[in-house]
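Residue-level listing of the chains:
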Amino acid sequence: MARKIMNDIISYDELGPEGSAQLHRKNHPAAIHATGVTRWWNHGKIHRAHGPAFTDSSGKMVWIIGGKPVAEMDAAGTITFPISTGP
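Residues numbered from 1 in each chain as written. Predicted model: local features only at pLDDT ≥ 70, side-chain atom pairs only at ≥ 80, totals over all residues. Heavy atoms only, no water.

Caption draft 1: Fine view of the environment of Lys 45. Following the sequence through the fold, Lys 45 ends up in strand β7 (residues 45–46). Take Lys 45: its relative accessible area is 49%, and that puts it in the partly exposed class. Separated by 20 residues in the primary sequence, Lys 45 and Ile 65 place their C-alpha atoms 8.6 Å from one another. For Lys 45, the contacting residues outside a window of four places in its chain are Trp 40, Gly 66 and Gly 67. (Helix = DSSP H or I, 4+ residues; strand = E, 2+ residues; numbered from the N terminus. Buried < 20%, exposed > 50% of the residue type's maximum accessible area, 1.4 Å probe, protein only. Contact = heavy atoms within 4.5 Å.)

Caption draft 2: Just the pattern of salt bridges, in detail. A full pass over the atoms with the stated rule returns one salt bridge. Between Glu 72 and Lys 60 there is a salt bridge; the shortest N-O distance is 3.7 Å. With a gap of 12 residues between them, Glu 72 in strand β10 (residues 68–73) and Lys 60 in the loop between β8 (54–55) and β9 (61–65) connect regions that are remote in the sequence. Under the relative-accessibility criterion, Glu 72 is labelled partly exposed at 22%. (Salt bridge = Lys/Arg side-chain N within 4 Å of Asp/Glu carboxyl O.)

Caption draft 3: The arrangement of the pairing of β9 in detail. The alternating pattern of β9 places Val 62 and Ile 64 on a buried face, while none of Met 61, Trp 63 and Ile 65, on the opposite face, is buried. Sheet topology places β8 next to β9; two bridges connect them, and they run antiparallel. The residue bridging Phe 54 from the neighbouring strand is Val 62, located in β9. Relative to β10, β9 runs antiparallel, the two sharing five bridges. Within the sheet, the bridge partner assigned to Trp 63 lies in β10 and is Ala 71. (Pairing = 2+ DSSP bridges.)

Caption draft 4: A look at the pairing of β10. Adjacent in sequence and paired antiparallel, β9 and β10 are bridged by two residues, among which Gly 66 carries a positive phi angle near 60°. Sheet topology note: the β10/strand β11 (residues 79–80) ladder contains two bridges and is antiparallel. Within the sheet, the bridge partner assigned to Glu 72 lies in β11 and is Thr 80. Hairpin connection of β10 to β11: five residues between the antiparallel strands, including Gly 77 at a positive phi of 95°.

Here it is in structure tokens:
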């Protein structure tokens, strides 16, 4: 795994199919922003099976499996499940 610092992001990546770089990191967030935002990635898709895959600086958390949002919780602890993905 390579460690990169890009603007306010510390990211970890590994080579994906055909040598493409994909965000990926096992057991830790793949992107950690200086603002407090964290994102968990698995082979190029935002994903975390056992916790929120995205947390923003206000404390909002979003559970995402295979790139698809499944639930979210705001800073007050209100849970929305499932997330409406539009028409």
